[in-house]
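Remarks on the overall topology
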Amino acid sequence: MQTDQRIVIVDTTFRDGQQSPLLFDTEKYRFSLEEKKQLLAGLIELGVTHFEFFSPVVGEAEAEDVRELIAYAKELTPKPLHFLGHCRTNLLDVEKALEVGCNGLNLYLGVSPLAQRHNAQKSLDEAVALAEGVLREVRAAYPQMYLRFSAEDAFRTPLADLFQLYDVVYPYVNTLGLPDTVGIAEPEDVAQVVSALRERYPRAALEGHFHNDRGLALANVLAAVRAGVRYIDASIWGLAERSGIPSVTGVLFNLSKRYPEIKEEYNLSQCYPLNVLMASILGTLVPYTEPVSLTNRTHTAGVHQKAVLNEKKVYEAHNLHDFGVDKNQLLLGPLSGWNLIYYYLKEVEAFEITKEQAKRIAQEFKSRTGEIGRRKKPEELLREIALAHGLSRHPIPEEVPTARLENLD
Ligand code: HCA
């Protein structure tokens, strides 16, 4: 029953993404339907085909949105899409997810010692019996439907217990999930568990869901895919519970280095626009830790700026241009040296200036960087010094003032 040999991104922005504390920090709490439509359109444009949604039991508004989003997605593309309802292992959740139009199910149940005692509050045997019953019934009712089953907190579940649970659901599922619910796994652990699952369940595809509590989520994705996992959960910006999961664009960026087919299957130039769309919705900048960001093409230190003015590759090793980050920027600031100061005064401020003058001005600028702050921008200080040094401007029309120097390409 294995489904797909491709590497498939399962986007969970609308499920785990809405569990992100960032939605509270930004006082958004949940995305509006209009915002979800924009994000969905961006994801489809990027080539994402698998979308995870909350089970409608979480609330009326979510249920209504899922219905609308599924209809909207079908208007946007004739491509076959997977709308996956994230459901607890019970028939009511399943029924409600199918009612709103989901055509696949992501079922989950935890059997770790902690889950047995404090969460599902079922013994391993009870949980196994429940999962077996639900999966058998769902498969009998929907022989062709995409079914995934995940043992929550798989990396704190003894392998023997994981096997006991997966042995009974294996006959019914397309995919077995491997959630690192609390972000404790290291890449070596991931590789080991994936090998064990592949050996025991050769007909099932595997899905990885890695939380970033230790900052290892993306590394775990790479280890999982190398070991044979084909379905990877991700979300825009990596939004999810606590510190999140890998970002869709970070995953595509990284996987495309080793798996060139990613470039055929995804429209990678849409990566950065998607990150910017989320920034405009949340009203904050694209996170500085996001690989596909303008931050990753921004240079502030004098040594870096000098080198990048000569050749970008010195401090830009990645082809972020292909991922839609189509410019870089050098920020004039306290660390800038005479090279950028010369460039800035000549090209942006249109001063008539020699390199010797630029060196003298840079010396004074360096001696006065303590003045730079919220009340005085670096550009203001530099302009003040340039004028005091008697520089005059080229007789050309004034350009729109800009705080950042961009588009050096
Ligand atoms: C959750 C837990 C989950 C589920 C993952 C999955 C996790 O928030 O419900 O269904 O594969 O990390 O275990 O996100």
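The model shown is predicted, which means the values in this text are computed figures rather than measured ones.

**Focus on the packing of aromatic side chains**
For the structure shown, the criterion picks out 11 aromatic pairs. Pairwise contacts between aromatic rings join F149, F163, Y166, Y170 and Y201 into one cluster. Just above the ring of F163 sits the side chain of R200; from NZ or CZ to the centre is 4.2 Å.

**Let's talk about the state of the cysteines**
Tallied over the full model, the rule gives zero disulfides. The closest cysteine sulfur to the non-disulfide-bonded C102 is located on C87, 6.9 Å from its own sulfur. For C102, a relative accessible area of 6% gives the class buried.

**Topic: helix α8 (residues 187-200)**
The first and last C-alpha atoms of α8 sit 20 Å apart over 14 residues, in line with the 20 Å expected at 1.5 Å per residue. Turning to α8, its buried residues are V190, V193, V194, A196 and L197. End-on, the buried residues of α8 take up no more than an arc of 160°, which puts them together on one face. Exposed and facing more than 90 degrees away from the buried side of α8 are E188, Q192 and E199.

**Thoughts on the domain arrangement of the protein chain**
For the protein chain, the assigned domains read domain 1 (8-282) and domain 2 (295-403). For domain 1 and domain 2, the distance between their C-alpha centres works out to 45 Å. Contacts between domain 1 and domain 2 engage nine residues on the former and seven residues on the latter. Taken together, the two surfaces of domain 1 and domain 2 that pack against each other cover about 630 Å², and 70% of this comes from carbon and sulfur.

**A short note on the site of the ligand**
What surrounds the ligand is the set R15, D16, Q19, H86, Y108, R148, S150, E152, P179, T181, H209 and H211. The contact in question runs from an oxygen atom of the ligand to an N or O atom on the side chain of Q19, over 3.2 Å. Take R148: an N or O atom from its side chain is 2.8 Å from an oxygen atom of the ligand. Considered class by class, the residues forming the shell around the ligand number two nonpolar, six polar and four charged.

**Some details on the side chain of D11**
Along the chain, D11 turns up in strand β1 (residues 8-11). Buried and unpaired, D11 has no salt bridge, with R15 as the nearest side chain of opposite charge at 9.8 Å. The residues contacting D11, other than those within four sequence positions of it, are L43, V48, H50, F51, E52, A234, S235, I236 and V248.

**What to know about a nonpolar patch on the surface**
Where nonpolar side chains cluster on the molecular surface, the patch consists of V57, V58 and L92 and spans about 240 Å² of accessible area. Assignment of secondary structure puts V57 in the loop between β2 (50-54) and α3 (60-76).

**Re helix α15 (residues 355-367)**
Taking 1.5 Å of rise per residue, 13 residues should cover 18 Å, and α15 covers 18 Å from first to last C-alpha, within 8% of that figure. Where α15 is concerned, the buried positions are A358, I361, A362 and F365. One side of α15 holds all its buried residues, which, seen down the axis, span an arc of 105°. Among the exposed residues of α15, those oriented more than 90 degrees off its buried face are Q363 and S367.

**Digging into the UniProt feature "domain: Pyruvate carboxyltransferase" (unreviewed entry) in the protein chain**
Under the feature "domain: Pyruvate carboxyltransferase" (unreviewed entry), the UniProt entry names residues 7-272. In the segment residues 7-272, helix accounts for 46% and strand for 17%; the C-alpha atoms at its two ends are 20 Å apart.

**Here's the deal with the environment of E352**
With respect to the helices, strands and loops of the structure, E352 is situated in the loop between α14 (338-348) and α15. As a C-alpha pair, E352 and R226 span 126 residues in sequence and 56 Å in three-dimensional space. Among residues more than four places away in sequence, those in contact with E352 are Q357, L391, S392, R393 and H394.

**Side note on the layout of surface pockets**
In this model, the largest pocket occupies a volume close to 450 Å³. Every residue lining the largest pocket is counted, 25 residues in all, and those nearest its centre are N212, W237, S243, I245 and T289. A per-element tally of the lining of the largest pocket places helix α9 (residues 217-227) first, with four residues. In terms of residue class, the lining of the largest pocket is built from 13 nonpolar, 10 polar and two charged.

Reading the values: the criteria
- Along each chain, residues carry numbers from 1 onward, in the same order as the chain's sequence is written.
- Where totals are concerned, whole chains, interfaces and linings use all residues; where local detail is concerned, this predicted model gives features only for residues with pLDDT of at least 70, and gives and counts side-chain atom pairs only at 80 or more.
- As a rule here, side-chain values come from all non-hydrogen atoms in the structure, and water together with hydrogens is ignored.
- Two aromatic rings, drawn from Phe, Tyr or Trp (for Trp, its six-membered ring), form a pair once their centres lie within 6.5 Å of each other, and the interplanar angle then sorts them: stacked below 30 degrees, edge-to-face above 60, tilted otherwise.
- Whether a charge sits over a ring comes down to the Lys NZ or Arg CZ being within 6 Å of the ring centre and within 35 degrees of the ring normal.
- Sulfur atoms of two cysteines make up a disulfide when they are within 2.5 Å.
- For every residue, the accessible area obtained with a 1.4 Å probe (protein chains only) is divided by the maximum for its type, and the residue is called buried under 20%, exposed over 50%, and partly exposed between those limits.
- In this text, helices come from DSSP runs of H or I with a minimum length of four residues, and strands from runs of E with a minimum of two, each type numbered from the N-terminal end.
- To estimate how far a helix should extend, the number of its residues minus one is multiplied by 1.5 Å.
- The directions considered for the arc run from the helix axis to the C-beta atoms.
- For the domains described, the bounds stem from an automatic or database domain assignment.
- Two residues form a contact once any of their heavy atoms are found within 4.5 Å.
- Buried area, as used here, totals the accessible surface that two parts lose on assembly, with accessibility defined by a 1.4 Å probe and the loss added over both.
- Near is defined per residue: the residue qualifies when any heavy atom it owns lies within 4 Å of the molecule or strand.
- We define a polar contact as two N or O atoms separated by no more than 3.5 Å, with the added condition that, inside protein, one atom must be a possible hydrogen donor and the other a possible acceptor, whereas residues neighbouring each other in sequence contribute only through side-chain atom pairs.
- Under this grouping Gly is polar, as are all residues other than the nonpolar Ala, Val, Leu, Ile, Met, Phe, Trp, Tyr, Cys and Pro and the charged Asp, Glu, Lys and Arg.
- Charged residues are defined here as Lys and Arg on the positive side and Asp and Glu on the negative side; His and the ends of the chain fall outside this count.
- By definition, a salt bridge exists where a carboxyl oxygen of Asp or Glu is found within 4 Å of a side-chain nitrogen of Lys or Arg.
- Without a salt bridge and with relative accessible area above 30%, a residue can belong to a patch; like charges are then joined within 9 Å and nonpolar side chains (Val, Leu, Ile, Met, Phe, Trp, Tyr) within 5 Å.
- Per-residue and other accessible areas were derived by the Shrake-Rupley procedure at a 1.4 Å probe size, with only the shown protein chains allowed to occlude residues.
- UniProt positions are given in the numbering used here, feature names are shortened, and annotations may be inferred rather than shown by experiment.
- Lining residues are defined by having an atom within 4 Å of a point belonging to a cavity or pocket. Those points lie on a 1 Å grid over the protein atoms alone, cavities being sets where a 1.4 Å probe fits but cannot get out and pockets being open sets with protein on both sides within 12 Å along at least five of seven lines.
- Grid points are joined across faces, edges and corners, and a volume is the space filled by probe spheres set on the points.

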